[in-house]
Amino acid sequence: STQLSVGQLAELMKRNSSEIIKFLFMLGNMSTINTTLSDEDIELICMNFNVTPHKEIIIDEDDIEEQISNRVFDEKDLVSRPPVVTIMGHVDHGKTTLLDTIRNSHVTSGEFGGITQHIGAYQVSVSGKKVTFLDTPGHEAFTAMRARGAQITDIVVLIVAADDGVMPQTKESIDHARAAGVPIVVAVNKIDKAGANPERVMSELANEGVMPEEWGGDNIFVEISARNGQGVDDLLESILLVAEMQELKANPKTLASGTVVEAKLDKGRGPVATLLIQQGTLKAADSLVVGSAYGRIRKMTNDRGQELKTAGPSMPVEIIGLNEVPQAGDVFMVYDSYKKAAEIAQSRENKKIERERNATSARSLEDMARMI
Ligand code: GDP
Ligand code: MG
């Protein structure tokens with residue numbers, strides 16, 4: 001291991017240690033300037049601060065300083081990237097319907113038909129600007145990703161049925177968005193229904209601290225019918241507006257890194273993973289490490305099943321070529337050779353085995369202590 005402390009990494013990154021301490025704190029980890037960082041922490045920190053740790057950082061102590069500082073990004077390499085949006089809300093309030101309506105009515109320009117397949121995320125084009133929607137199985141995936149420190153959503157669309165109002169999962173969604181520090185855009189849905197009462201939704205949400213702009217709050221409320229499409233364009237424009245204020249940026253000129261959105265074992269194709277690229281550009285034959293899985297990409301496709309040669313920040317892609325199925329929320333990183341990726345995956349696997357062994361022996365010591 002590299003044995004870097006918070007202070008040392010901060011120095012290499014030309015950042016203040018307090019920024020790193022604060023970042024770790026937000027992930028739920030207490031640290032000081034002297035805390036030794038795990039490789040996973042180093043990766044997360046580097047991702048968060050737009051620094052790609054050199055491949056060697058994980059397995060080789062030599063020349064780390066030079067290598068990391070060589071990878072510190074220049075401001076000038078940062079370009080704006082599309083927002084990544086998650087739709088959350090109570091069951092039956094219309095998440096799936098809204099995702100389908102948006103997807104069907106806003107095909108990315110230049111793309112025709114294609115096989116519409118579910119890959120857990122898709123990208124649409126709104127007034128010439130791209131927006132990425134995560135279509136994960138909802139709260140669990142979101143919670144799992146956050147627990148792993150993966151921050152992938154830029155905006156939460158909170159959908160509330162106007163004939164039903166604020167419900168338990170509406171409140172949970174608000175909590176998730178707040179914990180992640182992500183702005184909420186409210187979609188007041190089903191306004192086509194006879195019993196729709198948007199005013200009630202507004203006051204109920206205001207009670208939860210989600211305050212409409214009209215009432216002096218920070219949250220944009222848009223009345224929609226996910227079923228017939230009414231107001232959906234307004235909603236998309238509002239999302240773009242919020243995204244613009246966030247000034248989301250990434251560096252496309254580096255080896256790709258990001259997060260696994262979904263993964264499964266396909267009988268014919270082997271492990272299949274949907275990746276959200278957060279930094280860099282992913283290329284068709286890149287070698288990557290995801291948790292303890294690794295491999296060289298054999299095929300990369302977009303959300304329409306079209307094969308891609310390259311994919312940039314905020315783009316969701318499906319890849320095959322990994323040796324095992326990674327977990328949703330795992331961070332992936334590209335390395336510049338297959339050999340290096342394999343070595344890093346192996347060293348992680350070894351560490352994992354060691355951690356498990358230590359945990360087991362700690363547990364048996366506890367058991368013994370209890371028996372005495
Ligand atoms: P989810 O559980 O949040 O994914 O909700 P769904 O998208 O599955 O919607 C639940 C039900 O509400 C389905 O029967 C939808 O057809 C219906 N629904 C969703 N949006 C609307 C809408 O805008 N108007 C009406 N009338 N029904 C809707
Ligand atoms: Mg649904």
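Residues numbered from 1 in each chain as written. Chains lettered and ligands numbered in written order. Predicted model: local features only at pLDDT ≥ 70, side-chain atom pairs only at ≥ 80, totals over all residues. Heavy atoms only, no water.

Draft legend 1. Spotlight on the overall build of the protein chain. When helices and strands are tallied, the protein chain shows ten helices and 16 strands. The buried share of the protein chain, taken over its 372 residues, is 52%. At a minimum sequence separation of 6, the contacts of the protein chain that also span at least 24 residues come to 72%. In the structure as shown, the protein chain presents an accessible area of about 17700 Å², 49% of it carried by carbon and sulfur atoms. (Helix = DSSP H or I, 4+ residues; strand = E, 2+ residues; numbered from the N terminus. Buried < 20%, exposed > 50% of the residue type's maximum accessible area, 1.4 Å probe, protein only. Contact = heavy atoms within 4.5 Å. Areas by Shrake-Rupley, 256 points an atom, 1.4 Å probe, with all protein chains shown as cover.)

Draft legend 2. Layout of unusual backbone geometry. Even without being glycine, lysine 190 reaches a positive phi, approximately 65 degrees. Inspection of the secondary structure puts lysine 190 in the loop between strand 6 (184-189) and helix 8 (198-207). A positive phi is found at serine 314, a non-glycine position, where the angle reads about 75 degrees. Along the chain, the position of serine 314 falls in the loop between strand 14 (310-311) and strand 15 (316-322). On the basis of relative accessibility, which here comes to 1%, the residue serine 314 falls in the buried class.

Draft legend 3. Structural context of the site of ligand 1. Taken together, 15 residues sit near ligand 1, with Asp92, Lys95, Thr96, Thr97 and Asp192 positioned nearest. Interatomic distance of 2.7 Å between a backbone N/O atom of aspartate 92 and an oxygen atom of ligand 1. In this structure, an oxygen atom belonging to ligand 1 sits 3.5 Å away from a main-chain N or O atom of histidine 93. A total of 580 Å² of accessible area belongs to ligand 1 in isolation, and the protein chains cover 77% of it. In the shell around ligand 1, the residues fall into two nonpolar, seven polar and six charged. (Near = heavy atom within 4 Å. Polar contact = N/O pair within 3.5 Å; in protein donor to acceptor, adjacent residues only side chain to side chain. Nonpolar A, V, L, I, M, F, W, Y, C, P; charged D, E, K, R; others polar.)

Draft legend 4. Region of interest: the confidence of the model for the protein chain. Residue-level pLDDT values for the protein chain average 83, and 82% of them are 70 or greater. As a predicted assembly, this complex carries a pTM of 0.78 together with an ipTM value of 0.99. (pLDDT = per-residue confidence, 0-100.)

Draft legend 5. Seen up close, a nonpolar patch on the surface. A cluster of nonpolar side chains, contributed by Phe25, Met26 and Met30, occupies part of the molecular surface with about 410 Å² of accessible area. Residue position: phenylalanine 25 is located in helix 2 (residues 17-26). On the accessibility criterion, phenylalanine 25 (53% relative accessible area) is exposed. (Patch = residues over 30% accessible without salt bridge, like charges linked within 9 Å, V, L, I, M, F, W, Y side chains within 5 Å. Salt bridge = Lys/Arg side-chain N within 4 Å of Asp/Glu carboxyl O.)

Draft legend 6. A look at the pattern of salt bridges. Enumeration according to the criterion identifies eleven salt bridges in this entry. We note a salt bridge from arginine 269 to glutamate 318, for which the minimum N-O separation is 3.2 Å. With arginine 269 in the loop between strand 9 (257-266) and strand 10 (270-279) and glutamate 318 in strand 15, this residue pair connects regions lying 49 residues apart in the sequence. Residue class for glutamate 318 comes out buried when judged on its relative accessible area of 5%. One salt-bridge network, in which partners are shared between bridges, spans Asp266, Arg269 and Glu318.

Draft legend 7. Expanded view of the packing of aromatic side chains. According to the stated counting rule, one finds two aromatic pairs in the structure shown. With a centroid separation of 5.9 Å and an interplanar angle of 50 degrees, the aromatic rings of tyrosine 294 and tyrosine 338 are classed as tilted. A residue pair is termed long-range when its members are at least 10 positions apart, and tyrosine 294 in strand 13 (residues 293-301) and tyrosine 338 in helix 10 (residues 338-371) qualify at 44 residues. Using a relative accessible area of 35% as the deciding quantity, one classes tyrosine 338 as partly exposed. (Phe/Tyr/Trp six-rings, centres within 6.5 Å; stacked < 30°, edge-to-face > 60°.)

Draft legend 8. Up close: the pairing of strand 4 (residues 129-134). Here strand 2 (residues 84-89) pairs with strand 4 via three bridges, running parallel. By the bridge assignment, threonine 86 is partnered in strand 4 with leucine 134. By the bridge criterion, six bridges tie strand 3 (residues 121-126) to strand 4 in an arrangement that is antiparallel. Along strand 4, the bridge assignment pairs valine 124 with valine 131. Here strand 3 folds back onto strand 4, and the loop between the two strands holds two residues, one of which, serine 127, carries a positive phi near 45 degrees. (Pairing = 2+ DSSP bridges.)

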